Amino acid sequence: MAEFKFHLRRHDGKPFCLLYSPQTSELLWEETGERVSLHSIGISYDLNPSRQWPVAKAVSPETPLGKSRALRALKIQLGLKCNGRCGYCNQTARPPESHGTLKDAKAFLDKLPSWLEPAGTDGLGSGLRIEYWGGEPLVYWRTMKYLAEALHQRYPKAVFNFVTNGTILDDEKIDWLDKYDFSVAVSHDGPGHKTNRGEDPFDDPFSAAALRKLYTRLRPKGLVSFNCVLAKNNPSLTTVREHIASRLGCSPDDLPLSTEELVLPYEDAGYQLSLHTDADHAFMRHSLYRDVTQGGALPTLNVKEKLEDFFRSIAQGRPSYSLGLRCGMDREDTLAVDLKGNVLTCQNTAAGDGHKIGTVKDYANIRLNTAWHWSKREECPYCPVLQLCKGCCLRLEGNLWRKACDNSFTYNLALLAAGLRLLTGGVLTEIGGNVLRRHELPGIAPVVDSVWNG
Ligand code: SF4
Ligand code: SF4
């Protein structure tokens, strides 16, 4: 069983150590063997010996996963066409067969009742989330409009959401999104946007006005957020927040910001924007740590949620065997499908890329065999940030997987250090273990240097 020693330093410079097991979520004082108090973060231990933790399905090509018809999340991929040119996106230059048409949407809707049985019992879509994905979904405006209106009629209690680059919004689309209570996430990387993603919609007066209108309209309903990707050249959530807020004309405190964390390298451009040297990793780790503990990163939606989830894991003694993958695509009740009825590994893949895992016509034979649960990876069972990272991406392989894991390790190490700072007041300087992710890596990982202790 992997167990790690956390080396920390108090304000007065005195060192102390904690012992941590990501398998059992136990966090103990090394000196006394007692559990670390959760008092400082306002929660207490909730160790219920009769709690039944669900066992996550350990999917892999050898142990594939079927999909349930009782879906909780339906991710519809409209097609991979995009009008943007994000460096780390793999959704460009796809063959025409990956683009859904209005005719495809009609056929898709006709067949839907033969395979979809939303998880809720009312038949109205309660408990079902329908996501519309591209490329850029609004490139498929006519198709998306037709589809969503028909789905709303059929499942009026389902919730709708989509992610957009915000460049082709207009009044008609905003009115429509508002009418159907869409939850909209706008991808924007703040100051790194132009370099990493191409044109900044805030530089175009028409798009900027549309984004401001979208924000004004949906913000009171809590249905708009901005979502950024961090990269080697764009490390600060605080700077991203300030940049977007100033363009929107709102207070930074009133900006709902989330992050996809550090770039996951799906392709070469994402690989280039990743961390490569020890100095890159050290810089990112320290920047993020400082951003969360002293800057404005803590209110970032999924930074706060991740830390709360980590604290809860300790409070409840959450075992690692209950952990599914971060994105949820290893759940039986979560399905990604294109308009031709091809079932996909996830919404970021295409049927022609080896990620077709079945069809809705032959639902019983859908097999997710293009994915690896964290327990099937070399690294994750020996990783001190497993409870925070949850195995990063389930479909990446080879060098791209290793880079994704390295990026995720640094991101989550910074969050772990920030969490321990909140919990104990100490600064996590290094972590030791028999094996730290890979057998060939050193058994000690540096975290926060004394010069950053502030
Ligand atoms: S950082 Fe790497 S080893 Fe650790 S849980 Fe994430 S993907 Fe797995
Ligand atoms: S499998 Fe990877 S690329 Fe697909 S949604 Fe999950 S994290 Fe994203």
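Above this text sits the structure in question.
All figures in this text were calculated on a predicted structure; none of them were measured in a lab.

**So, the packing of helix α8 (residues 278-293) against helix α11 (residues 398-424)**
Packed helix pairs are specified by the crossing angle of their axes together with the interaxial distance, meaning the distance between the axes. Packing of α8 against α11 leaves a shortest axis separation of 8 Å and a crossing angle of 35°. For the pair α8 and α11, the sense of crossing is right-handed. Contacts from His 281, Met 284, Arg 285, Leu 288, Tyr 289, Val 292 and Thr 293 of α8 reach α11 at Thr 410, Tyr 411, Leu 413, Ala 414, Leu 415, Ala 417, Ala 418 and Arg 421. Residues of the contact of α8 with α11, tallied by class, amount to 10 nonpolar, three polar and two charged.

**Concerning the site of ligand 2**
The environment of ligand 2 is formed by Cys 327, Met 329, Cys 346, Asn 348, Cys 393, Leu 394 and Arg 395. Taken together, the residues of the shell around ligand 2 break down into five nonpolar, one polar and one charged.

**Quick notes on helix α5 (residues 205-218)**
Given a rise of 1.5 Å per residue, 14 residues ought to cover 20 Å, and the 20 Å separating the end C-alpha atoms of α5 matches this to within 8%. Those residues of α5 lying buried are Ala 210, Leu 211, Leu 214, Tyr 215 and Leu 218. Axial view of α5: buried residues confined to an arc of 135°, hence all on one face. Of the exposed residues in α5, those oriented more than 90 degrees away from the buried face are Pro 205 and Phe 206. Against α3 (171-179), β7 (183-187), β8 (224-230) and α6 (237-248) lie the buried residues of α5.

**Re the packing of helix α1 (residues 102-115) against helix α2 (residues 141-154)**
Running from N to C, α1 and α2 point in directions that differ by 15°, and their axes come no closer than 9 Å. Judged by the angle between their axes, α1 and α2 are roughly parallel. Crossing geometry of α1 relative to α2 is assigned as right-handed. Counting all contacts with α1, which are made through Leu 102, Ala 105 and Leu 109, the residues of α2 involved are Arg 142, Thr 143, Tyr 146, Leu 147 and Ala 150. Across the contact of α1 with α2, the residue classes tally to six nonpolar, one polar and one charged.

Conventions used here
- Residues numbered from 1 in each chain as written.
- Chains lettered and ligands numbered in written order.
- Predicted model: local features only at pLDDT ≥ 70, side-chain atom pairs only at ≥ 80, totals over all residues.
- Axes fitted to C-alpha atoms, helices over the stretch in contact; angles between N-to-C directions.
- Helix = DSSP H or I, 4+ residues; strand = E, 2+ residues; numbered from the N terminus.
- Left-handed = near helix turned anticlockwise from the far one by under 90°.
- Contact = placed C-beta atoms within 7 Å.
- Nonpolar A, V, L, I, M, F, W, Y, C, P; charged D, E, K, R; others polar.
- Near = placed C-beta within 6 Å.
- Expected span 1.5 Å × (residues − 1).
- Buried ≥ 20, exposed ≤ 12 C-beta atoms within 10 Å, placed from the backbone.
- Arc of directions from axis to C-beta.
- Parallel < 35°, antiparallel > 145°, perpendicular 65-115°, else oblique.

Read these as spatial facts, not as claims about activity.
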